[in-house]
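# Coordinate inspection notes
Each chain is listed here by its residues.
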Amino acid sequence: QVQLVESGGGLVQPGGSLRLSCAASGSIFSIYVMGWYRQAPGKQRELVASITRGGSTNYADSVKGRFTISRDNARKMVNLQMNTLRPDDTAVYYCNFNIQITQVGSPLPYWGQGTQVTVSS
């Protein structure tokens, strides 16, 4: 059974940094796009950043220049380096992987359990 486990959330002051990680476990044939989403109270879940297997990245306008997404295909892991954090970055952050379980199957989305990031003085 595939699981995504996140780590690295917490409380940080404005201007500070945090690094989130998410690793997949279980029987996996291939992982395609890896991404990070976030959901603030009362708001819809939104894409923060994504990265393809080849390393192409995509960022929400609000985080460009401050956040960096990276992946380690061998470790089935994605990281999100968050710098110059602002109070409006406060949210629960979720990782999302498109995973193909078998050679003949289609990729399906899997989600992590979420990790809280709070930016406050």
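You'll find the structure just up there.
My aim in this report is to walk through the structure given alongside it, one point at a time.

Cut-off values and rules
- All residue numbers refer to position in the chain's written sequence, counted from 1.
- With pLDDT at 70 or above as the cut-off, local features in this predicted model cover only qualifying residues; side-chain atom pairs require 80 or more to be listed or tallied, and sums for whole chains, interfaces and linings still use all residues.
- To obtain the side-chain values, all non-hydrogen atoms of the structure were included, while hydrogens and water were left out.
- Working definition: a disulfide is two cysteine sulfur atoms within 2.5 Å of each other.
- Secondary structure follows DSSP: runs of H or I at least 4 residues long count as helices, runs of E at least 2 residues long count as strands, and numbering of each begins at the N terminus.
- Note on aromatic pairs: the rings of Phe, Tyr and Trp (six-membered ring only in Trp) are paired at centre separations within 6.5 Å, and the planes decide the class, stacked below 30 degrees, edge-to-face beyond 60, tilted for the rest.
- For a ring to carry a charge above it, either NZ of a lysine or CZ of an arginine must fall within 6 Å of the ring centroid while also lying within 35 degrees of the normal to the ring plane.
- Throughout this description, buried means an accessible area under 20% of the type-specific maximum (1.4 Å probe, protein chains only), exposed means over 50%, and partly exposed covers the range between.
- DSSP-based pairing: two strands are paired if at least 2 bridges between them are found.

### Description of the state of the cysteines
On inspection of all chains with the given rule, the structure shows one disulfide. Between the sulfur atoms of cysteine 22 and its disulfide partner cysteine 95 the distance amounts to 2.0 Å. Given an S-S torsion of about 45°, the disulfide between cysteine 22 and cysteine 95 has right-handed geometry. Placement of cysteine 22 in strand 3 (residues 18-25) and of cysteine 95 in strand 9 (residues 91-100) is noted, with a sequence separation of 73 residues between them.

### Here we look at the packing of aromatic side chains
As enumerated under the stated definition, the model contains two aromatic pairs in all. Between the NZ or CZ atom of arginine 45 and the centre of the ring of tyrosine 94, over which it lies, the distance is 3.8 Å. Taking NZ or CZ as reference, arginine 45 lies 4.7 Å from the ring centre of tryptophan 111, over its face.

### Describing the pairing of strand 1 (residues 3-7)
Burial along strand 1 is one-sided: Leu4 and Glu6 are buried, while Gln3, Val5 and Ser7, pointing the other way, are not. Alignment of strand 1 against strand 3, held across five bridges, turns out to be antiparallel. Across the sheet, the residue bridging to leucine 4 is alanine 24, located in strand 3.

### Looking at unusual backbone geometry
Despite not being glycine, lysine 76 shows a phi value in the positive range, around 55°. As for its placement among the helices and strands, lysine 76 is situated in the loop between strand 7 (67-72) and strand 8 (77-82). The phi dihedral of threonine 84 falls on the positive side, at around 50°, and the residue is not glycine. Mapped onto the elements of the fold, threonine 84 is located in the loop between strand 8 and strand 9.

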